[in-house]
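Now for the letters of each chain:
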Amino acid sequence: MKSKLTLFILFTLILSSCATYTISEARDIIDYPENKVLSPTKISTIEENKEKLERAKREAEEEKERIERENSVNEYPESYSSVTLPFYYNPVKNKSSDTIKDTFRAVLIPLGDDRMEDEVLLAVKNSVSDIDCTIIALTGSYYNRSRLSTLFGEDAVTVEGGTIIFKDSYAKDLKSDRITLSITPDYDLSLLIMDQKPLLPEGGDTDEITSLVDHLEDRDIEEIVEYISQEGSDKKLFFLTSYAPSSSDWTDWTEYSYRKDHNFMISDILSDLKWQDCYDAVRFSSETESGVTRRNGEVEERLDYIWSKGLIVYSSYTLPLEKTEFSAVVATFIIP
């Protein structure tokens, strides 16, 4: 019995010794797996993660396209029939008007409907290159306007009546027939433009010419009044290339023998509506400063106007455009 007990104790000690050895030694050689997130196994979770990846990829592509669009230039279409108004030509992409100023300068450049060669358009650009302008308005054919606008290389908006180039400001509101510019952090300016396609005769009977103009004015005056009376900023400019002279130009006292005292409806009604003919407002007299913008033989007329409202006209003059029969109208304004 004693020997059996001895054997049992010995066997127990042997087993205990083996177990202790196995556990202590095994801890040093066991290769534990790294702590990492296992891939989901549920189909719904897998599909959800796949959708998230696809959405992130799609958003990244859309953002890339947006940046490319933002950095690209919206080039002029070759044909006016392909233009959707208002059309924004955006080589500079003006987006702010941080400059504090109480004056600015605007120019109206009439280009006519006959196609101009690049040499002529470049001469026109050079004619006004020394003038520090915030706004340059162009009337005439679409080709002439779009090509000259490209030569200037500034942001420009084409609307029904013409093209308006601008800098040191940004387009706050665009419509098919007008735009609103933010010219300072505190002031907006509504810009209107109309081209009545004037044809200047070389001569002829004065009564016949004035009778035709009177007929056209009577036909169009309601449309003009409706156009300039639409809501907008209380500060406005109206660039007008017209078939009608101004009443202030046609008197018996000028050097032009074909002129006589005559009232023209467009200029009279605009004045009645408190618009200001910028050139006429600051010149000494119509007899000494004719302000002619168009010439054809012996006939010379002021048919291109900058009308203003809510602004103070500081100065205005006309500037002959090289290699053309046209003159630009330049005006400087004080913001009250």
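In every chain, residue numbers begin from 1 and rise along the written sequence. Reporting in this predicted model follows two pLDDT cut-offs: at least 70 for local features of residues, and 80 or more for side-chain atom pairs to be given and counted; totals over whole chains, interfaces and linings ignore these cut-offs and use all residues. For side-chain calculations, the full set of non-hydrogen atoms in the structure is used, while hydrogens and water are omitted.

Student: How should I be thinking about the overall build of the protein chain in this particular structure?
Tutor: A count of helical and extended segments in the protein chain gives 7 helices and 15 strands. Using a 1.4 Å probe on the protein chains alone, a residue whose accessible area is under 20% of its type maximum counts as buried, one over 50% counts as exposed, and one in between counts as partly exposed. The buried share among the 336 residues of the protein chain stands at 42%. Note on contacts: a residue pair qualifies if any of its non-hydrogen atoms lie within 4.5 Å across the two residues. Contacts in the protein chain between residues at least 24 apart in sequence constitute 72% of all its contacts with a sequence separation of at least 6. Here the protein chain has roughly 19,600 Å² of accessible surface; of this, 52% comes from carbon and sulfur atoms. In this text, helices come from DSSP runs of H or I with a minimum length of four residues, and strands from runs of E with a minimum of two, each type numbered from the N-terminal end. Using the Shrake-Rupley algorithm and a 1.4 Å probe, accessible areas are obtained, with residue cover drawn only from the displayed protein chains.

Student: In this structure, what is going on with the sheet that holds strand β10 (residues 276–277)? I would like to understand it.
Tutor: Whenever strands of a sheet pair, they do so through backbone hydrogen bonds, lying parallel or antiparallel. If you walk across this open sheet you meet the 6 strands as β6-β7-β8-β9-β13-β10, and the pairing is mixed. Of all strands in the sheet, those bounded by a partner on one side alone are β6 (170–175) and β10. Note: β10 against strand β13 (residues 304–309), 2 bridges, orientation antiparallel. Each residue of the ladder has a partner; that of Asp-277, found in β13, is Trp-307. By this definition, two strands are paired if DSSP reports at least two bridges between them.

Student: Whenever I open this one, the packing of helix α3 (residues 118–128) against helix α4 (residues 142–152) confuses me. Can you help?
Tutor: Between two packed helices, the angle of one axis relative to the other and the distance separating the axes together describe the packing. Only C-alpha atoms enter the line fits that serve as axes; for helices the fit covers just the stretch in contact. Angles between N-to-C directions range over 0 to 180 degrees. One can describe the packing of α3 onto α4 by two numbers: an axis separation of 10 Å at closest approach and a directional angle of 55°. In terms of their interaxial angle, α3 and α4 are classed as oblique. Here α3 and α4 pass one another in a crossing that is right-handed. Along the contact surface, α3 presents Asp-118, Leu-121, Leu-122, Val-124, Lys-125 and Val-128, while α4 presents Tyr-143, Asn-144, Arg-147, Leu-148, Leu-151 and Phe-152. The scheme is simple: roughly parallel for angles under 35 degrees, roughly antiparallel for over 145, roughly perpendicular for 65 to 115, oblique for anything else. Put simply, a crossing is left-handed when the front helix is turned counterclockwise from the back one by less than a right angle, and right-handed when it is turned clockwise.

Student: Is there a simple way to think about the environment of Tyr-143 in this case?
Tutor: Counting through the fold element by element, Tyr-143 comes out in helix α4. On the accessibility criterion, Tyr-143 (27% relative accessible area) is partly exposed. A sequence separation of 66 residues divides Tyr-143 from Pro-77, and the C-alpha atoms of the two residues are 9.8 Å apart.

Student: Sorry, what's going on with the pattern of salt bridges here?
Tutor: Two side chains of opposite charge can pair, provided their charged atoms sit close to one another. Salt bridge criterion: a side-chain nitrogen from Lys or Arg within 4 Å of a carboxyl oxygen from Asp or Glu. In total, this model carries 18 salt bridges according to the counting rule given. Between Asp-207 and Lys-260 there is a salt bridge, with its nearest N and O atoms 2.7 Å apart. Of the two residues, Asp-207 is situated in helix α5 (residues 206–228) and Lys-260 in the loop between β9 (236–241) and α6 (265–272); the sequence distance between them amounts to 53 residues. For Asp-207, a relative accessible area of 43% translates into the label partly exposed.

Student: What exactly am I supposed to notice about the pairing of strand β7 (residues 178–182) here?
Tutor: Within a regular strand, the side chains alternate between the two sheet faces. Within β7, 5 of the 5 residues are buried, which leaves it mostly tucked inside the rest of the structure. Residues Arg-178, Thr-180 and Ser-182 line one face of β7 and the alternating positions Ile-179 and Leu-181 line the opposite face, and both faces are buried. Of the strand pairs in this sheet, β6 and β7 are connected by 5 bridges, and their pairing is antiparallel. Counterpart to Leu-174 in the pairing with β7 is Ile-179. Remark: 2 residues form the turn of the hairpin made by β6 and β7, two consecutive strands paired antiparallel.

Student: In this structure, what is going on with empty space enclosed by the protein? I would like to understand it.
Tutor: One water molecule sets the probe size; rolling that probe over the atoms shows where empty space is left. A 1.4 Å probe that fits but cannot get out identifies a cavity on a 1 Å grid over protein atoms alone, an open set with protein on both sides within 12 Å along at least five of seven lines counts as a pocket, and a residue lines either if it has an atom within 4 Å of a point. Grid points are joined across faces, edges and corners, and a volume is the space filled by probe spheres set on the points. In this structure the tally under the stated criterion is 1 cavity of 30 Å³ or more. Considering only enclosed or pocket space, the largest cavity measures out at about 40 Å³ in volume. Together, Leu-240, Ser-242, Ala-244, Pro-245, Ile-266, Ser-267, Leu-270, Tyr-305 and Trp-307 line the largest cavity. Three classes are used, and their members are as follows: Ala, Val, Leu, Ile, Met, Phe, Trp, Tyr, Cys and Pro are nonpolar, Asp, Glu, Lys and Arg are charged, and the others, Gly among them, are polar. Of the residues assigned to the lining of the largest cavity, the class counts are 7 nonpolar, 2 polar and no charged.

Student: Where do I start with α3 in this structure?
Tutor: All of the buried residues in α3 are Val-120, Leu-121, Ala-123, Val-124, Ser-127 and Val-128. In a view along the axis of α3, the buried residues occupy a sector of 155°, so they form one face of it. Structurally, α3 contributes buried residues whose contacts are with β2 (103–110), α4 and β14 (312–320). To be clear, the arc concerns the directions from the helix axis to the C-beta atoms.

Student: Help me out: how do you make sense of the layout of surface pockets in this one?
Tutor: Considered as a void within the structure, the largest pocket measures approximately 540 Å³ in volume. Residue lining of the largest pocket: 28 residues in total, with Leu-199, Leu-200, Pro-201, Ile-209 and Val-299 positioned closest to the centre. Secondary structure elements with two or more residues in the lining of the largest pocket: α5 and β12 (299–301). When residues in the lining of the largest pocket are grouped by element, the largest group, 7 residues, is from α5. Partitioning the lining of the largest pocket into residue classes produces 16 nonpolar, 6 polar and 6 charged. Its boundaries defined by the atoms lining it, the second largest pocket holds a volume of some 440 Å³. Taken together, 21 residues make up the lining of the second largest pocket; nearest its centre are Gly-112, Asp-113, Asp-114, Arg-294 and Phe-326. Along the lines of polarity and charge, the residues of the lining of the second largest pocket split into 7 nonpolar, 5 polar and 9 charged.

Student: Before we go on, may I ask you to explain the pairing of strand β8 (residues 188–195) in this structure?
Tutor: For β8, the buried fraction is high: 7 of the 8 residues fall into the buried class. With antiparallel pairing between neighbouring strands as the criterion, β7 and β8 make up a hairpin whose turn holds 5 residues. Alignment of β8 against β9, held across 6 bridges, turns out to be parallel. Considered in β9, the bridge of Ile-193 is made with Phe-239.

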